[in-house]
Amino acid sequence: MECVFGLVGNGFAILAADTSAVHSILVHKSNEDKIMILDSHKLVAASGEPGDRVQFTEYIQKNVALYQFRNGIPLTTAATANFTRGELATALRKNPYAVNILLAGYDKETGPSLYYIDYIATLHKVDKGAFGYGSYFSLSMMDRHYHSGMSLEEAVDLVDKCIMEIRSRLVVAPPNFVIKIVDKDGAREYAWRQSVKDGPVVSE
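The following refers to the structure shown. Keep in mind the model is a prediction, meaning the values are calculated, not measured.

**What about the overall build of the protein chain?**
- Check the secondary structure of the protein chain and you find four helices and 12 strands.
- Scaling as 2.2 N^0.38, a compact globule of 204 residues should have a C-alpha radius of gyration of about 17 Å, and the protein chain matches this with 17 Å.
- For the protein chain, the spread of C-alpha atoms along the three principal axes comes to 55 × 40 × 30 Å.
- Looking at the protein chain residue by residue over its 204 residues, the buried ones come to 47%.

**Quick notes on the sheet that holds strand S12 (residues 186-193)**
- The five strands lie next to each other as S10-S1-S2-S11-S12, forming an open sheet whose pairing is antiparallel. Where the open sheet ends on each side, the last strands, each with one partner, are strand S10 (128-132) and S12. Looking at each pair of strands side by side, their axes are set apart by 15 degrees on average, direction ignored.
- One ladder, built from five bridges, connects strand S1 (residues 3-8) with strand S2 (residues 12-18); its direction is antiparallel. Residue Leu 7 lies in a different strand from S2, and its bridge partner there is Ile 14.
- Of the strands in this sheet, S1 and S10 are in contact with helix H3 (residues 135-145), which crosses S10 at around 165 degrees.

**Some words on a nonpolar patch on the surface**
- Judged by side-chain polarity, Met 1, Tyr 133, Tyr 136, Val 171 and Val 172 come together as a nonpolar surface patch covering roughly 570 Å² of accessible area.
- Among the secondary structure elements, Met 1 is positioned in the segment before S1.
- Owing to a relative accessible area of 37%, Met 1 belongs among the partly exposed residues under this scheme.

**Regarding helix H2 (residues 77-92)**
- In this model H2 runs 22 Å from its N-terminal to its C-terminal C-alpha over 16 residues, within 8% of the 22 Å that 1.5 Å per residue would give.
- Where H2 is concerned, the buried positions are Thr 77, Thr 80, Ala 81, Thr 84, Leu 88, Ala 89 and Ala 91.
- Of the surrounding elements, those touching the buried residues of H2 are strand S5 (35-39), strand S6 (42-48), helix H1 (50-71), strand S7 (99-107), strand S8 (111-117) and strand S9 (123-126).

**Considerations on the sheet that holds S5**
- Spatially, the five strands line up as an open sheet ordered S5-S6-S7-S8-S9, and their pairing is antiparallel. Taken across any chain shown, the strands that pair with only one partner, and hence form the sheet edges, are S5 and S9. Each strand of the sheet is rotated relative to its neighbour by a mean of 25 degrees, with strand direction disregarded.
- Examined bridge by bridge, S6 and S7 share seven bridges and lie antiparallel to one another. Each bridged residue has a counterpart across the sheet, and for Leu 43 the counterpart in S7 is Ala 104.

**What about helix H4 (residues 152-169)?**
- Taking 1.5 Å per residue, 18 residues should reach 26 Å; H4 reaches 25 Å between its end C-alpha atoms and fits that length.
- Every buried residue of H4 is accounted for by Ala 155, Val 156, Leu 158, Val 159, Cys 162, Ile 163 and Ile 166. End-on view of H4: buried residues confined to an arc of 160 degrees, all on one side of the axis. Set apart from the buried face of H4 by more than 90 degrees, the exposed residues are Glu 153, Met 164, Ser 168 and Arg 169.

**As for the packing of aromatic side chains**
- Overall, the coordinates contain four aromatic pairs when judged by the stated rule.
- Here Phe 56 and Tyr 97 contribute two aromatic rings whose centre-to-centre distance is 4.7 Å and whose plane-to-plane angle is 50 degrees, an arrangement assigned as tilted. Note that Phe 56 is positioned in helix H1 and Tyr 97 in the loop between H2 and S7, a separation of 41 residues in sequence.
- An angle of 45 degrees between the planes, with centres 6.4 Å apart, marks the rings of Tyr 133 and Tyr 136 as tilted.
- Judged by its relative accessible area of 44%, Tyr 133 falls in the partly exposed class.

**Re the nonpolar core**
- Ranked by size, the top nonpolar core spans 40 residues in total, and within it Phe 5, Leu 7, Ile 14, Leu 15 and Met 142 carry the most contacts.
- Secondary structure elements with two or more residues in this core: S1, S2, S6, S7, S10, H3, H4 and strand S11 (177-183).
- Broken down by element, the residue count for this core peaks at seven residues, all from H4.
- Counting residues in hydrophobic clusters, the runner-up holds 19 residues, among them Met 36, Leu 38, Val 64 and Leu 75.

Cut-offs and rules
- Residues numbered from 1 in each chain as written.
- Predicted model: local features only at pLDDT ≥ 70, side-chain atom pairs only at ≥ 80, totals over all residues.
- Heavy atoms only, no water.
- Helix = DSSP H or I, 4+ residues; strand = E, 2+ residues; numbered from the N terminus.
- Rg over C-alpha atoms; globule rule 2.2 N^0.38 Å.
- Buried < 20%, exposed > 50% of the residue type's maximum accessible area, 1.4 Å probe, protein only.
- Pairing = 2+ DSSP bridges.
- Axes fitted to C-alpha atoms, helices over the stretch in contact; angles between N-to-C directions.
- Contact = heavy atoms within 4.5 Å.
- Patch = residues over 30% accessible without salt bridge, like charges linked within 9 Å, V, L, I, M, F, W, Y side chains within 5 Å.
- Areas by Shrake-Rupley, 256 points an atom, 1.4 Å probe, with all protein chains shown as cover.
- Salt bridge = Lys/Arg side-chain N within 4 Å of Asp/Glu carboxyl O.
- Expected span 1.5 Å × (residues − 1).
- Arc of directions from axis to C-beta.
- Phe/Tyr/Trp six-rings, centres within 6.5 Å; stacked < 30°, edge-to-face > 60°.
- Core = buried A, V, L, I, M, F, W, Y, C linked by side-chain atoms within 4.5 Å.

Written out as structure tokens, the structure is:
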């Protein structure tokens with residue numbers, strides 16, 4: 001029951017994702033960070049099969065770093081999104097990745113941006129987006145409350161509204177969420193919204 005969503009505000013982009021690692025009816029952990037920091041000014045939030053999600057996002061992260069190492073300049077957010085889309089499209093004809101991605105970044109020339117990339121290599125630049133069962137609620141909340149030029153406080157408040165809606169409406173809602181932002185100062189973790197914490201392992 002994964003929930004990944006994000007939006008673009010005034011000078012920043014914000015991403016939120018649940019932190020549950022589940023298989024079938026079992027919850028393995030509740031602090032799995034599904035938002036990767038690609039580089040200093042890019043974030044990628046991914047949902048999908050756990051193996052595909054981890055392997056593909058790490059593959060993109062290392063290739064973005066390799067490009068910067070070889071050329072001395074980082075890829076723009078748009079270039080990174082198109083590279084990611086191309087790799088998904090190539091894999092689609094060979095060994096598809098079951099992974100959906102929200103890519104957020106900040107560029108000096110163009111400011112913040114958010115890209116929606118799904119498992120069949122559809123790419124769209126969006127102001128707000130979501131994946132997973134939580135998207136049914138978070139998209140409707142963002143349609144109602146989102147407006148261009150939101151301040152950070154307004155955006156975080158909207159993210160919290162989405163989280164509360166998911167927790168109250170989804171029958172098997174994930175308890176914990178992580179929130180990260182990217183702006184002119186870089187990509188960083190903003191906050192966790194936790195209602196369940198992993199307890200210590202009890203030895204016999």
